[in-house]
Every structure is written in C-alpha cells, then in structure tokens.
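Observations on the model geometry
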There are 2 protein chains.
Amino acid sequence: MPTKAPVLALKPPRDPATTKARILDAAEALFMEHGFEATSLRSITATAEVNLAAVNYHFGSKEELFEAVLTRRLDPMNQARVELLTRLEAQAGSSPLSCERILMALLIPALKLARDPERGGKDFLRLLGRAYADPAPFIRRFLSEQYAVMIARFKGAFARALPQLPRKELSWRLHFIMGALSYTLAGTDALKLIAELNPHESTNDEILLRRLAPFLLAGLEAPLPDLSAVTRELDGELGRTG
Amino acid sequence: MPTKAPVLALKPPRDPATTKARILDAAEALFMEHGFEATSLRSITATAEVNLAAVNYHFGSKEELFEAVLTRRLDPMNQARVELLTRLEAQAGSSPLSCERILMALLIPALKLARDPERGGKDFLRLLGRAYADPAPFIRRFLSEQYAVMIARFKGAFARALPQLPRKELSWRLHFIMGALSYTLAGTDALKLIAELNPHESTNDEILLRRLAPFLLAGLEAPLPDLSAVTRELDGELGRTG
DNA sequence: GTAGGATTTAAACGAACGTTTGAGCGAAGC
DNA sequence: GCTTCGCTCAAACGTTCGTTTAAATCCTAC
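Note that the coordinates shown come from a computational prediction; the quantities given were computed from them, not determined experimentally.

So, on to the overall build of chain A. Regarding its fold elements, chain A presents 11 helices and zero strands. Counting from the amino terminus, helix and strand elements in chain A follow one another as α-α-α-α-α-α-α-α-α-α-α. Taken over 242 residues, chain A has a buried fraction of 50%. Residue pairs at least 24 apart in sequence account for 71% of intrachain contacts in chain A once pairs closer than 6 positions are excluded. When the accessible surface of chain A is totalled, it reaches about 11800 Å², and 56% of it is carbon and sulfur.

Let us now look at the packing of helix α1 (residues 18–34) of chain A against helix α2 (residues 41–48) of chain A. All names here are of chain A. Their axes nearest at 8 Å, the elements α1 and α2 cross at an angle of 125°. As far as their axial angle goes, α2 and α1 are oblique. In this structure, α1 meets α2 at a crossing whose hand is right-handed. Across from R22, I23, A26, A27, L30 and F31 in α1, the residues of α2 making contact are S43, I44, T47 and A48. Broken down by class, the residue content of the contact of α1 with α2 amounts to seven nonpolar, two polar and one charged.

Residues and elements named next belong to chain A. Of note in this structure, E49 is not a glycine but carries a positive phi near 55°. Among the structural elements, E49 can be located in the loop between α2 and α3 (53–59). By relative accessible area, E49 is classed as exposed at 64%.

Bringing the pattern of salt bridges into the picture now. All names here are of chain B. Summed over the entire model, instances satisfying the criterion amount to 17 salt bridges over all chains. With a closest N to O distance of 4.0 Å, D25 and R73 form a salt bridge. Of this pair, D25 sits in helix α1 (residues 18–34) while R73 sits in helix α4 (residues 62–92), placing them 48 residues apart in sequence. Judged by its relative accessible area of 40%, D25 falls in the partly exposed class. Classification of R73 by relative accessible area gives buried; the value is 7%.

What follows covers the side chain of T45 of chain B. Residue and element names in this part refer to chain B. By secondary structure assignment, the location of T45 is in helix α2 (residues 41–48). T45 gets classed as buried once you look at its relative accessible area, which sits at 4%. If near-sequence neighbours (up to four positions away) are discounted, T45 is found in contact with V50, N51, L52 and V55.

Attention shifts here to α2 of chain B. Along an α-helix, residues three or four apart share an orientation, since each turn contains 3.6 residues. All names here are of chain B. The complete set of buried residues in α2 reads L41, I44, T45 and A48. The buried residues of α2 occupy an angular sector of 90° when the element is viewed end-on, so they sit on one face. Turned more than 90 degrees from where α2 packs its buried face, R42 and A46 sit exposed. Check the buried side of α2 and you find it contacts α1, α3 (54–58) and α4. Taken from the residues just after α2, E49 is the one with a positive phi, measuring 55°.

Okay, the nonpolar core next. Nonpolar side chains tend to gather and get buried jointly when the protein is soluble and globular. L65, L128 and L143 of chain A together with L65, L128 and L143 of chain B are the most contacted members of the largest nonpolar core, which has 146 residues in total. When residues no more than four places from it in sequence are discounted, the contact partners of L143 of chain B are L70, L74, L128, A131 and Y132 of chain B.

A few words now on the protein's contact with DNA strand C. Close to DNA strand C lie 18 residues, the nearest being L41, R42 and K62 of chain A together with T19 and H58 of chain B. When atoms of DNA strand C within 4 Å of the protein are sorted by moiety, sugar and phosphate together comprise 50%. Looking at the surface near DNA strand C, the elements that each hand over two or more residues are α2 and α3 of chain A together with α3 of chain B.

Okay, a negative patch on the surface next. Residues E37, E63 and E64 of chain A together with E37, E63 and E64 of chain B make up a contiguous surface patch of negative charge. Elements with a contribution of two residues or more to the negative patch: α4 (62–92) of chain A together with α4 of chain B.

Another point: the packing of aromatic side chains. Residues and elements named next belong to chain B. By the definition in use, this model includes 17 aromatic pairs over all chains. Both rings, one in F36 and one in F66, keep their centres 5.0 Å apart while their planes meet at 70°; by these two values the pair is edge-to-face. Within this pair, whereas F36 is found in the loop between α1 and α2, its partner F66 is found in helix α4, the two being separated by 30 residues in sequence. The class for F36 is buried, based on a relative accessible area of 8%. Residue F66 is classed as buried on the basis of its relative accessible area of 2%. Lying over the aromatic face of F36, K62 brings its terminal NZ or CZ to 4.7 Å of the ring centre.

Overall, the prediction assigns chain A a mean pLDDT of 82, with 76% of residues at 70 or greater. Every residue in residues 1–13 of chain A scores below 50 in pLDDT, and together they form zero contacts with partners more than four places removed in sequence or on other chains.

Glancing now at the environment of L88 of chain A. Mapped onto the secondary structure, L88 of chain A falls in helix α4. C-alpha separation for the pair L88 of chain A and I102 of chain A, spaced 14 residues apart in sequence, amounts to 8.1 Å.

Next up on the list: the environment of L125 of chain A. Residues and elements named next belong to chain A. Mapped onto the fold, L125 is located in helix α6 (residues 121–133). Expressed as a C-alpha distance, the spacing of L125 and A110, which sit 15 residues apart in the sequence, is 7.8 Å. Beyond its immediate stretch of four places on either side in the chain, L125 contacts M77, A110, L113, A114, L185 and A186.

A few words on the packing of α1 of chain B against α4 of chain B. Residues and elements named next belong to chain B. Put simply, α1 and α4 touch, their axes get as near as 10 Å, and they point 95° apart. As far as their axial angle goes, α4 and α1 are roughly perpendicular. On α4, the residues touching I23, L24, D25, A27, E28 and F31 of α1 are K62, L65, F66, A68, V69, R72 and R73. Within the contact of α1 with α4, the residues separate by chemical class into eight nonpolar, no polar and five charged.

Criteria and thresholds
Residues numbered from 1 in each chain as written. Chains lettered and ligands numbered in written order. Predicted model: local features only at pLDDT ≥ 70, side-chain atom pairs only at ≥ 80, totals over all residues. Heavy atoms only, no water. Helix = DSSP H or I, 4+ residues; strand = E, 2+ residues; numbered from the N terminus. Buried < 20%, exposed > 50% of the residue type's maximum accessible area, 1.4 Å probe, protein only. Contact = heavy atoms within 4.5 Å. Areas by Shrake-Rupley, 256 points an atom, 1.4 Å probe, with all protein chains shown as cover. Axes fitted to C-alpha atoms, helices over the stretch in contact; angles between N-to-C directions. Parallel < 35°, antiparallel > 145°, perpendicular 65-115°, else oblique. Left-handed = near helix turned anticlockwise from the far one by under 90°. Nonpolar A, V, L, I, M, F, W, Y, C, P; charged D, E, K, R; others polar. Salt bridge = Lys/Arg side-chain N within 4 Å of Asp/Glu carboxyl O. Arc of directions from axis to C-beta. Core = buried A, V, L, I, M, F, W, Y, C linked by side-chain atoms within 4.5 Å. Near = heavy atom within 4 Å. Patch = residues over 30% accessible without salt bridge, like charges linked within 9 Å, V, L, I, M, F, W, Y side chains within 5 Å. Lys, Arg positive; Asp, Glu negative; His and termini not counted. Charge placed at Lys NZ, Arg CZ, Asp CG, Glu CD. Phe/Tyr/Trp six-rings, centres within 6.5 Å; stacked < 30°, edge-to-face > 60°. Lys NZ or Arg CZ within 6 Å of the ring centre and 35° of its normal. pLDDT = per-residue confidence, 0-100.

Below, the structure is given as structure tokens:
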C-alpha cells in the first residue's frame, strides 16, 4: 500500500508542446469575455485542461501570458496591413493612393482575421478592442509599441493622399478611426446590433467594409474645422449654468 | 488601565453626510485610473480617509458603489443632452433641425461636464469611456439602461434630419459615433495626443468641438455604401491565403 | 440626561488570487 | 543503465480581496 500503485491511472497521451497552445486559446477566450483583471489563471488552466503551474512555467506570469495572447495574432495582422498597403502603393505606381484604398489596407487584414475562426476569429478582435480601453500600464505600453510602426506607416500614406490636411488634424482623425474601429470590434453592443439589424445578412464582414468604411472615409475627408456659424452660436451653451 | 482612557484622542470634527461624497470622489478617481476590477475598496476608503466598512454601509457593495459613481454624473448629463436637443428643436420651429445641431446637442453637455473640474470633470468622462468597454455584465446592463432613452431620442432626431438614410444605417452610424466619442474621452492615448499636439491650445474643448465634431458629422452624412469599385476590387484580398 | 437610531470603528471572516515549490514522470544523450 | 533535461503535477505559499461583525461613538429627541 505505501509503495507506488500507479496502475489504474491511464493517462491521456501527454501533449508535448500543445500545452502552450491550449493555454493561449483558453486565455484568449476568457480574457475576451471577462477582461484581464477579472480572469483568473485558475479558470484559464481549468478551461485548457492543464495544470495551474503551467502558465507560470511556460509564460512566466499572467501579464506575459496576456502579451503572448495579443502578440500571436496582432503581430501578423499589423504586418499584413503594412504589406497590403505596400502592395497597393506599388500597383498605383507614381500616382498617389486614394484614401479609400489606404483605409481598406487597414480594415481588410482585420477582417481576414475576424472571419478565420480557427485562428481566433472574432474573439481575438473583441479582446483587442478591450485592451485598447484597458488602463493597465503594461497593456498600454505593449499596445503602443506594437502599433507604433504600423500607425506611422499609415499616417505617412494618408498624409500623401490628403496633402491639404494638416498633420495635426490627420493625427486626430486617425485616432478617431482607431477608436471607432476598436469600439466596433470590441462591442458587446455591436454583437447585439448585428443580431438585431442583420438577422440574415452573411457575416459581419458586411458591417465593417460596407458600413464602417464609408463612415470613416467621410470623416477622414471631412472639411477642416472652421468654427462654423452653428459652433459659434452654440458656444454660448458652454457658458450657461444649466 | 483596563478602563477606558479615550482622553488624548482628539478627533477631527466628524463629517455628517460628507462621507458618502468623499467615497464617491475617491472612487471616481481610482476607478478611472485603474478600472473596476483593479480598484480595491481598501484603496478607495484610504483615499477618502474613511473606514473600510463605510462603503458597504452606505452603498451596499462595490458594484452598487460603481453604479452610484456613474449615476451621479451620467444622469444629469444625459438629461441635459435631451433638454438641449428639445430646446434647439423648439428654436427651429417647423423646419427640421440640422445634423450639426443635433450632434452639438450630444457633445456640448459632455463638454460642459468635462470642463467643470469641481464636478468630476475629465476624470469622470474617462471613467465613462472605460465603462463603455468593460465586459462586466452588471456594467453593460446598467449603461444600456441609462442610455436607452437618450439614444432613442437622438436617433429620432437624426432620422428626421437624414430622411434618406435607412434606419439600419443610422443605427450603425450612431454606434460608430458613440465609439469614437467614448474612445476619445477615455483615451490615455488621447491625453498624450493633447499634450503632444496642443502644447498651448486652450483646453480639450477645442478637440471635441472642432476636431471630433466635423469628423463625426461627415461620417453621419456620408454617402450610402455602394460596393464601390475599390471595394469590389479589394474583396478578392479577403479570399487569399497570404 | 438619557434612550435610541445612525454612523464609525477595529478586527476578523472565508474565499480567491498569482506565484512558488519539490517531487514525479517521460523521453532523449552518452 | 544511468543521467539529464523538459515538462507536469498536487500542494502549499503569502497576500489581498469584498464583506461582515460587534462594540464604540455621535447626534437628536424626548
């Protein structure tokens, strides 16, 4: 009895390196659903059916796991964005690329990711949208590092397409674009909207390309702020005590 | 010695009902900075210089405290939005209100709140933007209840201003607007941008009214999605393996 | 001035958290 | 055949969390 009796325990053939992938998949889904802080390592390892210590063994810490979850998809997606932009520029030859095409280079790789359920699909984009709004310093630092190159590349392209738009204004509009995009992708509400408004439409591809793109494109090409009559008129509202 | 000797303890004159307000203020700032989950009641009560049990005594639970923090500012703000919209409609008489004015009715009350530091100011709007992206079910339920009336009111106004825009499309565009707005208000990045791009501009009022508003207005009035040549051309990109 | 309800206080509760430990296991390497 | 190394495992670590308790204190009204 006190000797070893490991006889009855038939163990499922051990996963060699799939443990990391199982953890990443489970973490992606759970981080997406509950956010970073509200997701425990115990729920992740239980979902992944691995030992609790596996996360710290393979990734070091919960924060590093989170970064690994993001990197796995974000890095290829941003790379695809830059590559597509470069390809379109090459196609255009010497003539400047239109805003619409540049915008498409930004949206299409995100869509390709979204419609590929085996590679994370919508779950990941929702997680990404959440991360965009997360206050945790390590998340903000990580994201701005991941995005810096891609954003700079696109800002240059947009600047060439919109030579009359001041750089300052362009920075703001790109910021608004990323805001509307991440909010839409993250949306719990967006999913509800999709269900309500598109009971039979194909996928959410339609929404992004055919609804968000025109909206963003028009915003990008909007006339410069000019302190219109309406603005001046309503400026007084700000002073009231109401 | 074992008897009471409470002599030396000179206590600062007790706050009668300011305890609740101190808690709300501290919670607002800390929830804004760290998010709901990452903020502990202990840090809140320490900041507010009240006893730990005060939160559960006055508010019942951490979740109810969070809702109280939101309600205190959100309720008046949304009410002000509806009131301003109603006032503008009355001014316009029988002629339909312009999109621009409706949009202003949405933005100006948010601005008034933002520039009033004694009433929460920017801290609260950042918190609100965060809450918009928070996955916690009780937060999502609370927000959609708080916003339902106001959003429906504005959707009706926009529908009258844009009679040619299908209702479905309008719903999406309102969603995008709220996304860009909350993202901008919540922005850790936005604050960085403000510092970088506007070293001497007055306040962030300028940003909202003069940069975001034209962007959103153009998006609202954008032409209907029409499967343009560019979209069709690039649709192929979605099928590739690359 | 004393009874009673409202509020504050210090202390503790049990639970859950991220992380660490050390023994155990399986498959190469010499 | 023994060692070594990568990996898994159960158990425990110490901490922190939201919440609760019961006594102490304040304020008001009788």
